[in-house]
There are 2 protein chains.
Amino acid sequence: MGISGNEIKRIRSLAQKKYRDSLGLFTVEGEKMVGEALASSFTVEEVYRRDEIGEEAMSRISMLASPSPVLAVVRKPENLALPQDCAGDFFGDKGFYMGLDTIRDPGNLGTILRIADWFGVDGILATEDTVDIFNPKVVQATMGAIFRVRFRYTVLPDAIRTLLKNGGRAYGTFMDGENIYTSGFGTGKDYPVMVITGNEADGISEEVESLVSARLAIPSYPAGRHGSESLNAAVASAIAVAEFRRRAMLQAACKPGMPFDFQE
Amino acid sequence: MGISGNEIKRIRSLAQKKYRDSLGLFTVEGEKMVGEALASSFTVEEVYRRDEIGEEAMSRISMLASPSPVLAVVRKPENLALPQDCAGDFFGDKGFYMGLDTIRDPGNLGTILRIADWFGVDGILATEDTVDIFNPKVVQATMGAIFRVRFRYTVLPDAIRTLLKNGGRAYGTFMDGENIYTSGFGTGKDYPVMVITGNEADGISEEVESLVSARLAIPSYPAGRHGSESLNAAVASAIAVAEFRRRAMLQAACKPGMPFDFQE
């Protein structure tokens, strides 16, 4: 089995969002990722193996510096946009969500999906100008989490308003916020909860900032020392999400007889 | 002021480690980074501004997809290798260190330096096959932390042996380790301390694993659930370092009259 020049051209075009959108396809690479795609609810349209199409063709269709032995072309879900009047259905009563206020770096978005998967986050809502989740660099950085995490694009401020109306809380991380460790964050009485991560350069937008229940900060050490101006966006979100889950585990340990996952 | 073809070629060559090593130079880009280089103890040899050399020349010397308005050529420190018999001097009595057991991804190394800077880590020791710290992708991802964090390459197992001989502790993060939140990690009685991060694909090497004082794990949520197989290496190191510092702050708060930074 070979591969035609036109097929190569079509697959290469999937590096660009406009062709992913018009063809409704995206690519995943590597044995692990292709295996996860095949095991997922996504439809795998084509699988190309280096052993079949040859090393040169593989390096032409691969988006990686070192082409992996296998690449799959996968069907994209039709539409990841969450209409405003569906936000209420997105949030469960006791869910823990992440909000992304315009993440631009593909590696960051992929890493955030991996974090959400590890910590059992119930869903991610991102502004519409967040980088495309099917960008090959995002897909590869998720290490498979893309096939497991609930993710939608939406008008984030409107979704936060819905969350607040449902009795939930929204927390953002800021440089000059309240110490996350001594704040009321993650005490478990404020579900549904969203932790919002801001843009790599500009942080959280003014509109979103005006909506948050509390402005949190991850303290530098020693407190008040500012060597780095900030933490990387994915790293800051990871520390906030880990802290939320740490507190949930502490609380569960304090409630004998309750199931470990005290959200149930 | 213009720039010659030979100069362009020389600067472009600094994308490769062999030319950085032979010329003893590396590049930094962007107003913020160049400003930090100028303010640091590093020697800035040359500064190129788009306004002076023109957009086309700038895009030829830049290693970035979107060339920034300014690029500096900076002198590399002579030698970042830490000889085995100097490891004792590297570790202070009360210091908090990071060990990198072969970090290959430039973005991860840059992010780890930024984490170390934020959390006031006293130094980083990396295996000699960790990616070059002067790789342009590392430099840019540090967001300036490269000019502030103590960093050396060394034979990591030997350095850990020295740390242990000095009465210190070394902790590694593993998938199946002890829950970091319920472990004795970061109780402050075990300085000098090192937190070791393993390779992106293979984790911590067997030799280093045989030396660690405890094998720690960042619990997924709910505990035992394994959606993602792991966290990104930089993310895992960030959560471990943040947890160590959180405990140090808690302890400081329990000791009225002590300076905030209880290591002093």
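Each value, and the rule that gives it
- Residues numbered from 1 in each chain as written.
- Chains lettered and ligands numbered in written order.
- Predicted model: local features only at pLDDT ≥ 70, side-chain atom pairs only at ≥ 80, totals over all residues.
- Heavy atoms only, no water.
- Buried < 20%, exposed > 50% of the residue type's maximum accessible area, 1.4 Å probe, protein only.
- Helix = DSSP H or I, 4+ residues; strand = E, 2+ residues; numbered from the N terminus.
- Pairing = 2+ DSSP bridges.
- Phe/Tyr/Trp six-rings, centres within 6.5 Å; stacked < 30°, edge-to-face > 60°.
- Lys NZ or Arg CZ within 6 Å of the ring centre and 35° of its normal.
- Polar contact = N/O pair within 3.5 Å; in protein donor to acceptor, adjacent residues only side chain to side chain.
- Contact = heavy atoms within 4.5 Å.
- Axes fitted to C-alpha atoms, helices over the stretch in contact; angles between N-to-C directions.
- pLDDT = per-residue confidence, 0-100.

## Remarks on the pairing of strand S1 (residues 25-29) of chain B
Residue and element names in this part refer to chain B. Buried residues dominate S1, accounting for five of its five residues. Burial along S1 is two-sided: Leu25, Thr27 and Glu29 and Phe26 and Val28, pointing in opposite directions, are all buried. As judged from the five bridges shared by S1 and strand S3 (residues 70-75), these two strands associate in the antiparallel manner. The partner of threonine 27 across the bridge, within S3, is valine 73.

## What to know about the packing of aromatic side chains
All chains considered together, the criterion is met by 22 aromatic pairs over all chains. Centre to centre, the rings of tyrosine 191 of chain A and phenylalanine 244 of chain A are 5.8 Å apart; their planes meet at 85°, and the pair counts as edge-to-face. A residue pair is termed long-range when its members are at least 10 positions apart, and tyrosine 191 of chain A in the loop between strand S7 (169-179) and strand S8 (193-198) and phenylalanine 244 of chain A in helix H11 (residues 233-253) qualify at 53 residues. On the accessibility criterion, tyrosine 191 of chain A (12% relative accessible area) is buried. The exposure class assigned to phenylalanine 244 of chain A is buried, which follows from its relative accessible area of 1%. Consider the rings of phenylalanine 42 of chain B and phenylalanine 147 of chain B, whose centres lie 5.2 Å apart with planes at 80°: the pair is edge-to-face. Taken together, the residues phenylalanine 42 of chain B in the loop between helix H3 (31-39) and strand S2 (44-49) and phenylalanine 147 of chain B in the loop between helix H8 (136-141) and strand S6 (151-154) connect sequence positions 105 residues apart. Phenylalanine 147 of chain B carries the same exposure label as phenylalanine 42 of chain B, and that label is buried. Counting every residue linked through ring pairs, the aromatic cluster contains Phe96, Tyr171, Phe185, Tyr191 and Phe244 of chain A. The ring of phenylalanine 90 of chain B carries the charged tip of arginine 150 of chain B above its face, separated from the ring centre by 4.1 Å. The cationic tip of arginine 215 of chain B hangs over the ring face of phenylalanine 174 of chain B; the distance from NZ or CZ to the ring centre is 4.3 Å.

## Side note on the side chain of aspartate 101 of chain B
Residue and element names in this part refer to chain B. Here aspartate 101 lies in strand S4 (residues 96-101). One polar contact links the side chain of aspartate 101 to the main-chain amide nitrogen of serine 205, over a distance of 2.8 Å. Discounting chain neighbours no more than four positions away, the residues touching aspartate 101 are Thr127, Leu156, Ile196, Thr197, Gly198, Asn199, Gly203, Ile204, Ser205 and Val208.

## As for the sheet that holds S2 of chain B
All names here are of chain B. Taking strand neighbours across the sheet as the criterion, the three strands line up as S1-S3-S2 in an open arrangement whose pairing is antiparallel. The open sheet has two edge strands, S1 and S2, and neither has a second partner. Between one strand and the next, the sheet's axes are offset by a mean angle of 20°, whatever the strand orientation. Bridge analysis of S2 against S3 gives five bridges, and the strand direction is antiparallel. Of the residues in S3, the one forming a bridge with valine 47 is alanine 72. Against the sheet, helix H1 (residues 5-13) makes contact with S1, S2 and S3, and its axis sits at roughly 115° relative to S2, the strand it touches most.

## What to know about the pairing of S7 of chain A
Residues and elements named next belong to chain A. As defined by bridge partners, S7 adjoins S8 across four bridges and the pair is classed as parallel. Bridge pairing in S8 places alanine 170 opposite methionine 194. In this structure, S7 lies alongside strand S9 (residues 214-217), joined through five bridges in parallel fashion. Considered in S9, the bridge of threonine 173 is made with leucine 216.

## Digging into the confidence of the model for chain A
Segments scoring low in pLDDT should not have their predicted coordinates read at a detailed level. Per-residue pLDDT for chain A averages 91, and the proportion of residues at 70 or more is 93%. If you check the scores for this complex, the pTM reads 0.92 and the ipTM reads 0.91.

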